[in-house]
Amino acid sequence: MNAAIIFGLLIALMLTGMPISIALGLSVLTFLFTMTTVPIEAVALKLFTGIENFEIMAIPFFILSGNFLTHGGVARRMINFATSMVGHWHGGLGLAGVMACALFAAISGSSPATVVAIGSIILPAMVAQGFPKRFGAGVITTSGALGILIPPSIVMVMYSVATSGAVVTGPDGQRVSSASISTLFVAGVIPGLMLAALLGFTTWYRARKFGYPRMPKASWAERWTAFRKSVWGLLLIVLVLGGIYSGAFTPTEAAAVSAVYAFVIALFVYRDLTWRDVPRVLLDSANMSAMLLYIITNAVLFSFLMTSEQIPQAMASWITGAGLNWVVFLLIVNILLLVAGNVMEPSSIVLIMAPILFPIAAKLGIDPVHFGILIVVNMEVGMCHPPVGLNLYVASGITRMGITELTVAVWPWLLTMLIFLVVVTYVPAISLWLPRMLGMM
């Protein structure tokens, strides 16, 4: 009954057009002050301690790093390198776009940033070479979603933070801890590369089927030149991921290092960014960080209410009592998250749903790392379909295409992503093999 009241109030407030973050906080405070005896001091303390988390600091640093790279010409050099490697295959520039998105995803952690950085450069080039605008838009909109699956990933950080305070037990009654950020980053490598390969295959197949243009094959000298020019950006992948996995620094420290490194190469090495541009980049990063931190704050309060009312535990007991196994539960989770993707953006979905679904998954014996990757892949799909798919709106601004036309354009790649979602859901080894091999689990 309490769960119905809370979610009913949240949905009612969202239907008024109120921002999700405010609707979250208002629904929680309304319930707490009218139907419970929780003192206001406890609410204030929870709001403060909820974001007093060292790992949350990784979010603004990764955002800042991505913005420096987006404005600093790194994307253009990565596109040139990718084009030199795969441009001579069917749909060469489209394949280069997929490869460039995968490379940029490994240094940005954000899907919209990947779409902007790669799409704004390669889409005009594809149209000029004779590709249909719809084809180019479909490639970049969906490939940009790799930004939250290939590590580092802001959404993975949010999942780890959202589930860190959950008190959960496994099927044997033992306490189950949430997944660490570094383990999630490792777990995202193989699924990210697999999805990039599948999107590349879809691009190649459609380009070959419809006879889209190819580029002349680059010589090894041209490839070496393109690699040499892009190496400073590619080194950031080695610096961040290598530093985390070698134990040199934590994911949060890696985010700070990446922000400083991106600033240095954009301003002093490539010199595509001027001192005059720096305040604008800092302001854009601060705006996005403040928005996400505000959502996190209200989501922490929402999670506190869920825990105090024992709602996740009650749902877990009902599901296990109904005899539902992990196969059916994960199917329900996928449907629930895909439906939520129609009305909410990924950050809000993860912060609201993860604390509720994570205890149930643990009760059914589902690994927290596998569950986290499953949620991230669902968020990728949600970013590419209407009505609130962030990548669609970003791509719409670049291509000057309507959301309806873009929705039609992305469907072949979106279908590929849905097939991949099913595979990741029911083959946990895809997510868990690498962390286990490295001894992180």
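Along every chain, residues carry numbers that run from 1 in the direction the sequence is written. Owing to the predicted nature of the model, reporting of local features is limited to residues with pLDDT of at least 70; listing and counting of side-chain atom pairs is limited to 80 or more, with chain, interface and lining totals taken over all residues. Side-chain calculation: all heavy atoms of the structure are included, whereas hydrogens and water are not.

- If you check an unreviewed UniProt entry, the chain appears there as TRAP transporter large permease protein from Methylobacterium indicum.
- UniProt positions are given in the numbering used here, feature names are shortened, and annotations may be inferred rather than shown by experiment. We quote the UniProt Subcellular location (unreviewed entry) comment for the chain here in full: "Cell inner membrane".
- Checking UniProt for the chain, the heading Function (unreviewed entry) contains the comment "Part of the tripartite ATP-independent periplasmic (TRAP) transport system."

## Describing the overall build of the chain
Then, number 1: Across its full length, the chain carries 21 helices and zero strands.
Then, number 2: As defined in this context, the radius of gyration uses C-alpha atoms, and a globule is described by 2.2 Å times the residue total to the power 0.38. Computed over its C-alpha atoms, the radius of gyration of the chain comes to 22 Å, within 12% of the 22 Å expected for a compact globule of 441 residues.
Then, number 3: A simple rule labels every residue: compare its accessible area, found with a 1.4 Å probe on the protein chains alone, to the largest value its type can have, and call it buried under 20%, exposed over 50%, or partly exposed in between. With 441 residues in all, the chain has 54% of them scored as buried.
Then, number 4: Throughout, a residue-residue contact means that at least one pair of heavy atoms, one from each residue, lies within 4.5 Å. Expressed as a percentage of contacts within the chain between residues at least 6 apart in sequence, the contacts between residues at least 24 apart total 79%.
Then, number 5: Taken as a whole, the chain presents about 18,000 Å² of accessible surface, with 69% of it coming from carbon and sulfur.
Then, number 6: With 20 positive and 14 negative side-chain charges, the chain shows a separation of 18 Å between the mean positions of the two kinds. Helix and strand assignments follow DSSP, with helices taken as H or I runs no shorter than four residues and strands as E runs no shorter than two, numbered in order from the N terminus. Each accessible area is a Shrake-Rupley estimate made with a 1.4 Å probe; only the visible protein chains count as cover when residues are assessed. By the counting rule applied here, Lys and Arg register as positive and Asp and Glu as negative, while His and the ends of each chain are not counted. In plain terms, the charge of a residue is placed at NZ if it is Lys, CZ if Arg, CG if Asp and CD if Glu.

## Some words on the side chain of Thr163
Then, number 1: Inspection of the secondary structure assignment puts Thr163 in helix 9 (residues 154-164).
Then, number 2: Separated by 2.9 Å, the side chain of Thr163 and the backbone oxygen of Tyr159 make a polar contact.
Then, number 3: Sequence-distant contacts of Thr163, that is, excluding residues within four places in its chain, are made with Ser178, Ala354 and Phe358. Any pair of nitrogen or oxygen atoms within 3.5 Å is treated as a polar contact; in protein, a donor-acceptor pairing is required on top of that, and neighbouring residues in sequence qualify only through side-chain atoms on both sides.

## Here we look at the pattern of salt bridges
Then, number 1: Salt bridges are defined by distance alone: a side-chain nitrogen of Lys or Arg within 4 Å of a carboxyl oxygen of Asp or Glu. Per the counting criterion, the structure on display carries four salt bridges.
Then, number 2: For Arg134, the salt bridge identified is with Glu405, shortest N-O distance 3.6 Å. With Arg134 in helix 8 (residues 133-143) and Glu405 in helix 20 (residues 403-426), this residue pair connects regions lying 271 residues apart in the sequence.
Then, number 3: We classify Arg134 as partly exposed; its relative accessible area is 42%.
Then, number 4: A salt bridge links Arg280 to Asp277, with the nearest nitrogen and oxygen atoms 3.4 Å apart.
Then, number 5: Assessed through its relative accessible area of 41%, Arg280 is described here as partly exposed.
Then, number 6: One salt-bridge network, in which partners are shared between bridges, spans Arg76, Arg77 and Asp272.

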